[in-house]
Amino acid sequence: MEVSNSCSSFSSNSCHSESSVNLSLSLTFASTSPQRDTRQNWPPIKPLLRDTLKGRRIISHGDDTSLFVKVYMEGVPIGRKLDLCAFSGYESLLENLSHMFDTSIICGNRDRKNHVLTYQDKDGDWMMVGDIPWDMFLETVRRLKITRPERC
Amino acid sequence: MNYFPDEVIEHVFDFVTSHKDRNTISLVCKSWYKIERFSRQQVFIGNCYAINPERLLRRFPCFKSLTLKGKPHFADFNLVPHEWGGFVQPWIEALARGRVGLEELRLKRMVVTDESLELLSRSFASFKSLVLVSCEGFTTDGLASIAANCRHLQELDLQENEIDDHRGQWLSCFPDTCTTLVTLNFACLEGETNLVALERLVARSPNLKSLKLNRAVPLDALARLMLCAPQIVDLGVGSYENDPDSESYLKLKAAIKKCTSLRSLSGFLEAAPHCLSAFHPICHNLTSLNLSYAAEIHGSHLIKLIQHCKNLQRLWILDSIGDNGLEVVASTCKELQELRVFPCDLVGVGDTTVTEEGLVAISAGCPKLHSILYFCNQMTNAALIIVAKNCPNFIRFRLCILEPNKPDHETSQPLDEGFGAIVKACKSLRRLSVSGLLTDQVFYYIGMYANQLEMLSIAFAGDTDKGMLSVLNGCKKMRKLEIRDSPFGDKALLADVNKYETMRSLWMSSCEVTLSGCKRLAQKAPWLNVEIINENDNNRMEQNGHEGRQKVDKMYLYRTVVGTRMDVPPFVWIL
């Protein structure tokens, strides 16, 4: 009945409490494979899916989070990508966008002269930027669009 | 039976198409072997290194279709280095020399070069169908040769390949005289697509039934394509950024309504939420839906779509649909046979995922379910026991709990009993993947009950060699066994060497198997290729004084009738 098990320091046929089993197994496994701590190539999904998921907006690296959204200027087919976490609020966002697209962009009120910033929320609806608190905005925004002045 | 002339017997054999059945037929007697040999049209080779092209041609001189598989399954998850092998070039060369009337070539996990594609396109006048799955090594230049030279091409199906996109004009290489296309799938191409060439091609292909676009095909182009091909049965949508009020979108809606033959939908590689509602009118016709790449679509939109899909048989989706989304599937899709739920969030900080509740709901609501692949964060034995009771007809059951070694989250017990219930109840089970906290007990159950099991995937499971031994001794029909990060060693590996002659292959990585164990196995079984894949410490294994006891990082063994392969890269060592 006794099976030699080169990696286990406890006998395999006695009862253990759940936590000690977990602990023993994790200690045990730490010694068998040098790659154990990196859990390489896990979970088992194909590279194409992995890349698609990586291309998603939210990327967390420990404490830093990036939230990339696409920004389009109406009439311009090529868009830009922006990390919204790099901004402290609406003001710095607008400033940066105005600089990026070389035009004046405002949010909130309709204006005949300036471009107005709108966003698509998680329900798919297009909304005016600026109505909700910045944190809430970050949670719901999916993409940005800078509309022509008369549109809104 | 021998009072029938050979032509009659051959005619009878024509009705037998499964290669397993034909293999069996050829064992009946010499005369049947001979007749079968000359009449076999489709040859299937599950491991390209188990045999060589010369022997293939000697046995089956008249075949028209060849299926070849190269790298082992775990290559899909980056466990096999790119240069390991699986080259199709020698096969195409031999077939060309042998003047085979090749019409169809299906390759999986093989290395295909532009040179191979060029040779293929020039060597076989009746060539009709090229299907490449998870292959690599070629560029769009190779596709251009196929397009230009294969005059009777019906099928060009590229599934999840790594293709170097030279942004060339391969689509415009199809001559104007090419009107025979039935299937065109280039969803995995990353680069721009010549939309004009594509539209012209689709417009002159009245038999086109399956069209899968890449992400470079925008919405307005999609609308035009669908208008050209209202007979389409299988559609892969590329890019789907849209503005619901735009003219393009309205045109698309009109085009979709005309596609009354549409049964299968996939793609949505870049998709905005509102897009899906355009497809609602034809959802009741859909039998297959693959939204596993639609990472940007929120669960609620997925649910709204699925509510219209009453006839769905196959569903591939991301876990952003959530348990309540799966409940909607369970109550709507009564014809569901196959379900795959992929993880949306690999880091584990996601908002919605699925749990055991979603799985139970599906098992209760979908009586025809026979295949499942389910990624989840947590599972319980109780849930698995209910699932086994609800669905005793599983053929494929693959469960992947994202955190390795995770126990039953309610009782903190291993999941042995849950999986045990599955193998006990599902007498037709052919494929199984296990995960979570598992002891040797689960393998005891698998060995005892999984009589029809052909493929088993094990990761981070088991305690001792007994586990692996239970499987090797019990599962008489085992063909492919793949194990990673589990404490199985030489004792299990060497217990029954002859077992491996009945199997296609065995993969063991990050286990307890040692170099001396592998050497002993190779000695005892000269008809096996025992490969050690050692990317990092190439020669250290030999020079090191403790070589015998050193653990092998990756071992891949397979039966073969042609001995050691000649195309071994430096980091692979065949014992």
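Residues numbered from 1 in each chain as written. Chains lettered and ligands numbered in written order. Predicted model: local features only at pLDDT ≥ 70, side-chain atom pairs only at ≥ 80, totals over all residues. Heavy atoms only, no water.

Spelled out, the test is: UniProt positions are given in the numbering used here, feature names are shortened, and annotations may be inferred rather than shown by experiment.
The name recorded for chain B in an unreviewed UniProt entry is Protein AUXIN SIGNALING F-BOX 2, from Cardamine amara subsp. amara. Within the UniProt record for chain B, the comment given under Pathway (unreviewed entry) is "Protein modification; protein ubiquitination." We quote the UniProt Subcellular location (unreviewed entry) comment for chain B here in full: "Nucleus".

Looking at an unreviewed UniProt entry, one finds chain A named Auxin-responsive protein, with Cardamine amara subsp. amara as its source organism. The record in UniProt for chain A states the following under Sequence similarities (unreviewed entry): "Belongs to the Aux/IAA family." The annotation that UniProt attaches to chain A under Subcellular location (unreviewed entry) is "Nucleus".

Considerations on the overall build of chain B
To be explicit about the condition: Only DSSP runs of H or I with at least four residues qualify as helices, and only runs of E with at least two residues qualify as strands; both kinds are numbered from the N terminus onward. Each radius of gyration is computed over the set of C-alpha atoms, and the globule rule expresses the reference value as 2.2 Å times the number of residues to the power 0.38. Burial classes: relative accessible area under 20% of the type maximum marks a residue as buried, over 50% as exposed, and values in between as partly exposed (1.4 Å probe, protein chains only). Two residues qualify as a contact provided that any one of their heavy atoms is within 4.5 Å of a heavy atom in the partner residue. The accessible surface values rely on the Shrake-Rupley method and a 1.4 Å probe; as for residues, cover is taken only from the protein chains in view.
Along the backbone of chain B there are 20 helices and 23 strands. Over its C-alpha trace chain B gives a radius of gyration of 25 Å, about what one expects of a compact globule, namely 25 Å for 575 residues. For chain B, the spread of C-alpha atoms along the principal axes amounts to about 70 × 65 × 60 Å. Across the 575 residues that make up chain B, the buried fraction comes to 59%. Relative to all contacts within chain B whose residues are 6 or more apart in sequence, the contacts with residues 24 or more apart total 71%. Total accessible area on chain B is roughly 22,500 Å²; 50% of this is exposed by carbon and sulfur atoms.

Some words on helix H13 (residues 356-365) of chain B
Residue and element names in this part refer to chain B. The buried fraction of H13 amounts to seven of the 10 residues, a majority that puts the element mostly inside the structure. Those residues of H13 not exposed but buried are Glu 356, Gly 358, Leu 359, Ala 361, Ile 362, Ser 363 and Gly 365. The secondary structure elements touched by the buried residues of H13 are helix H12 (322-332), strand E14 (338-342), strand E15 (371-376), helix H14 (381-390) and strand E16 (396-401).

As for the pairing of strand E10 (residues 234-240) of chain B
All names here are of chain B. Short version of the rule: One requirement defines pairing of two strands: DSSP has to find at least two bridges between them. Seen with its strands pointing away from the viewer, a crossover is right-handed if its path from the first strand over the helix to the second goes clockwise.
The buried count for E10 comes to seven of seven residues, which makes it a mostly enclosed element. Pairing of strand E9 (residues 210-212) with E10 involves three bridges; the strand directions are parallel. Within the sheet, the bridge partner assigned to Lys 212 lies in E10 and is Gly 236. A crossover connection joins E9 to the parallel E10 through helix H9 (residues 219-228); in handedness this β-α-β unit is right-handed.

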